[in-house]
Amino acid sequence: MNAKEYLSQAWYLDKRIKTKERQLDWLRAHAVYVSPKLSEVPKAPSIRRSPVEEAVVRITELEHEINTSIAQLMQLKTEIAEARTCAPSFLGQVVVPARSEGEGHVDKLVGELLG
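Residues numbered from 1 in each chain as written. Predicted model: local features only at pLDDT ≥ 70, side-chain atom pairs only at ≥ 80, totals over all residues. Heavy atoms only, no water.

Visitor: Which residues make up the nonpolar core, and what values do they have?
Guide: The biggest cluster of nonpolar side chains holds 11 residues, and these are Tyr6, Ala10, Leu13, Ile17, Leu24, Leu27, Ile59, Leu62, Ile66, Leu73 and Leu76. Secondary structure elements with two or more residues in this core: α1 (3-31) and α2 (51-85). Leave out the neighbours within four places in its chain, and Leu73 touches Ala10, Leu13, Asp14 and Ile17. (Core = buried A, V, L, I, M, F, W, Y, C linked by side-chain atoms within 4.5 Å. Buried < 20%, exposed > 50% of the residue type's maximum accessible area, 1.4 Å probe, protein only. Helix = DSSP H or I, 4+ residues; strand = E, 2+ residues; numbered from the N terminus. Contact = heavy atoms within 4.5 Å.)

Visitor: Lay out the environment of Thr68 with the relevant residues and their values.
Guide: With respect to the helices and strands, Thr68 occurs in helix α2. The partly exposed category is assigned to Thr68, whose relative accessible area is 34%.

Visitor: Could you give an account of the packing of α1 against α2, with specific residues and numbers?
Guide: In a packed pair of helices, the relevant descriptors are the angle between the two axes and the axis-to-axis distance. As a packed pair, α1 and α2 sit with axes 9 Å apart at the nearest point and diverge in direction by 160°. In terms of orientation, α1 lies roughly antiparallel with respect to α2. Along this stretch, α1 crosses α2, giving a crossing that reads as left-handed. A class-by-class count of the residues in the contact of α1 with α2 yields 16 nonpolar, 4 polar and 9 charged. (Axes fitted to C-alpha atoms, helices over the stretch in contact; angles between N-to-C directions. Parallel < 35°, antiparallel > 145°, perpendicular 65-115°, else oblique. Left-handed = near helix turned anticlockwise from the far one by under 90°. Nonpolar A, V, L, I, M, F, W, Y, C, P; charged D, E, K, R; others polar.)

Printed below as a string of C-alpha cells:
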C-alpha cells in the first residue's frame, strides 16, 4: 500500500469514528427521555423490544463498533509508522520526519543539503 492509500484509509476510519461518536452522544441524550410504561396489570409478552431496551441495545452496539474502529485505526497507524521507518528512500527516512517537526526543519534540511 502506498502512502496516499494509508492516509486515505486512516482519514476515513477517523471520520467514521467521529460520526459514530456523534450518534452515540445523540442516543445517550435522548435515552434519558425514554421511559417504560408502568402499570399494575401484567402485560402479555411481546416479540418487540421496549423503547428503553432498544435504546440500550443501540448504545451498546455503537460503543462496540467505535471500539472496533479505534482498534483498526491504531493498527493502521502502527503499520504507517513501520512503513515509514522501513522506507528505503531518502524522502521517507529524512524529509518526512523533518517535516513532522515543522516547516522550519524542512527548509533548514533542504538548505543544508543544497548548500
